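Residue-level structural notes
One letter stands for each residue in the lines below.
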Amino acid sequence: MSDSLIAPQSQSSSSAVRFEDFGLSPDILRALSDQGYVNPTPIQAQAIPIVLQGRDVMGAAQTGTGKTAGFSLPIIQLLLAHANTSASPARHPVRALILTPTRELADQVADNVKAYSRHTPVRATVVFGGVDMAPQTAALRGGVEIVIATPGRLLDHVQQKTVNLSQTQILVMDEADRMLDMGFLPDLQRIINLLPKERQNLMFSATFSPEIKKLANSFLRNPVTIEVARSNATADNVTQVLYKVEEEAKRDAVAHIIRERNLKQVIVFSNTKIGASRLSRHLEKDGIKASAIHGDKTQGERMAALEAFKQGPVEVLVATDVAARGLDIAELPCVINYDLPYNAEDYVHRIGRTGRAGASGDAISLYSDKDARLLADIEKLIKQKITRLELTGFVPARGERRPRHDDHEDRPAPSRSAYGRGSHTSHPPRKEKVDPWFLKPYEPAPPSPQSEEPLDGHPAKPAKQKVAALLGGGPKR
Ligand code: AMP
């Protein structure tokens, strides 16, 4: 797939290279200095020169590596060639499109892009669903060089003709593995069909599965592969421990750990929305300032919870995987797995929330006898045995014990099984209730029914055939 592979490196900042060495504009350097960034992280040191050369990139990078700046800084630099201060929207066509799987990630990437471009004339905006389209439409109509978007809402804007992608020279797919997991492949195909054939493509993915390689083969041209950590490797700077706790005592155990360790900023992962809500309420009753973040919360509620967590009033964020994915919370000292994830790769993503950008962190997991297979899957994937510790001084509250019937109802079955990948069969059967906030393939916003005909004009095909087309079955450029 690639003609060059850059060797994996540690995630700590590289002192040998400086941002000044890349030939970035003084306006961008000033913004980096505003951010307090001193040295590029390894992925930035690798990606920035390659993106500046106009090459396609396949970045196997986990969260916390600084990948967002790794692609946004050179994009802003490349777009400076077209930058102008004209008030005419026509002088500000969309030249770079950054696609992300979730609204939170889109918002965070947009915050970063805006921060890095703030001293330049390059304009950026973000579009995602669940909020009013009108302000997004106004921003798009005013002219922007960079659009950060979730696929469904972008297609809404395409359909309403409020965005024109015919001059898009750079496409970024961030967290491509999660986009596949979430069933966005048909939407991605529609979007790619709208872009000029001649363009630069950057694809970033935390994991590097065969499906991701197929997707990369279908649209990247002679890409340079950049890898800063082995796929599915867990960061060295994260201390992982396991506590065996009876299923019905897990909520008390979480409260005990938070108090014992005096944790002030921790994300606790639950496999289910209802489990997250119940645990959050339980912690609140125990006097711990907690808030739940999951797909049944409105976008406003999620943003408020995240902000309260970042600012401090909320100390514990109880989250499902889908809601937590992409949250950029600097220097998170600890994550707790209240449930072990059904999908072993999610364990890697979860603990990637801590120990970010070189800081150290703790990942604490609770498990019971019923989790033996899930635990075995995780340890097989990360190729290490996690340290088992005794939860000292923990006495579950009497009368507090209650059976947990909260599980297994909101995690979508990973669509990857549709690609024929051998799935781990150890997890319990999942109901197919899909998180309406994140998992919906494109459905147009207006009441008029959207033709099932794809934008390339060919008749609609069953989903499987569309998948095959993008994964290498279609015509190669
Ligand atoms: P990302 O992997 O892009 O989500 O970035 C992870 C975190 O590292 C974010 O909080 C960034 O603001 C931060 N970061 C990115 N680049 C640097 C850098 N060169 N030096 C210090 N922090 C950085």
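Residues numbered from 1 in each chain as written. Predicted model: local features only at pLDDT ≥ 70, side-chain atom pairs only at ≥ 80, totals over all residues.

1. Some remarks on the sheet that holds strand 13 (residues 334–337)
- Strand order across the open sheet formed by seven strands is 11-12-10-13-14-9-15, with parallel pairing between neighbours. At either margin of the open sheet sits one strand with a lone partner, and together these are strand 11 (290–293) and strand 15 (387–389). In this sheet, neighbouring strand axes are inclined to one another by 25 degrees on average, regardless of whether the strands run parallel or antiparallel.
- Looking at chain direction, strand 9 (residues 238–244) and strand 14 (residues 361–367) are connected through seven bridges and run parallel. Its bridge partner being in strand 14, Tyr 243 is matched across the sheet by Leu 366.
- Of the strands in this sheet, strand 10 (266–269), strand 11 and strand 12 (316–319) touch helix 11 (residues 273–285), which is tilted by about 175 degrees from strand 11.
- Helix-sheet contacts for helix 12 (residues 299–311) involve strand 11 and strand 12, and the interaxial angle to strand 11 is about 140 degrees. (Pairing = 2+ DSSP bridges. Helix = DSSP H or I, 4+ residues; strand = E, 2+ residues; numbered from the N terminus. Axes fitted to C-alpha atoms, helices over the stretch in contact; angles between N-to-C directions. Contact = placed C-beta atoms within 7 Å.)

2. Points about the nonpolar core
- Core analysis: the biggest nonpolar cluster contains 71 residues, and Leu 97, Ile 146, Val 147, Ile 148 and Ala 149 have the highest contact counts within it.
- When near neighbours in sequence (up to four residues on either side) are disregarded, Val 147 contacts Val 94, Leu 97, Thr 125, Val 127 and Val 163.
- In this structure, Val 245, Ala 276, Val 318 and Ile 336 belong to the second largest nonpolar core, which totals 48 residues. (Core = buried A, V, L, I, M, F, W, Y, C linked by C-beta atoms within 7 Å. Buried ≥ 20, exposed ≤ 12 C-beta atoms within 10 Å, placed from the backbone.)

3. Regarding the pairing of strand 9
- Where strand 9 meets strand 15, three bridges bridge the pair, whose relative direction is parallel. Bridging from a neighbouring strand, Val 241 pairs with Thr 387 of strand 15.

4. As for the UniProt feature "domain: DEAD-box RNA helicase Q" (unreviewed entry) in the protein chain
- Those places that UniProt annotates as "domain: DEAD-box RNA helicase Q" (unreviewed entry) correspond, in this numbering, to residues 17–45.
- The span residues 17–45 carries 48% helix and 0% strand; its end-to-end C-alpha distance comes to 7 Å. (UniProt positions renumbered as here; feature names shortened; annotations may be inferred.)

5. A look at helix 12
- With 13 residues, helix 12 extends 18 Å between its outermost C-alpha atoms, agreeing within 8% with the 18 Å of an ideal straight helix rising 1.5 Å per residue.
- For helix 12, the set of buried residues is Arg 302, Ala 305, Leu 306 and Phe 309. Projected onto a plane normal to the axis of helix 12, the buried residues spread over an arc of 95 degrees and lie on a single side. Of the exposed residues in helix 12, the ones pointing more than 90 degrees away from its buried face are Gly 300, Glu 307 and Gln 311.
- Structurally, helix 12 contributes buried residues whose contacts are with strand 11, strand 12 and helix 13 (321–324).
- Where helix 12 terminates, the next one or two residues include Gly 312, which has phi positive at roughly 120 degrees. (Expected span 1.5 Å × (residues − 1). Arc of directions from axis to C-beta.)

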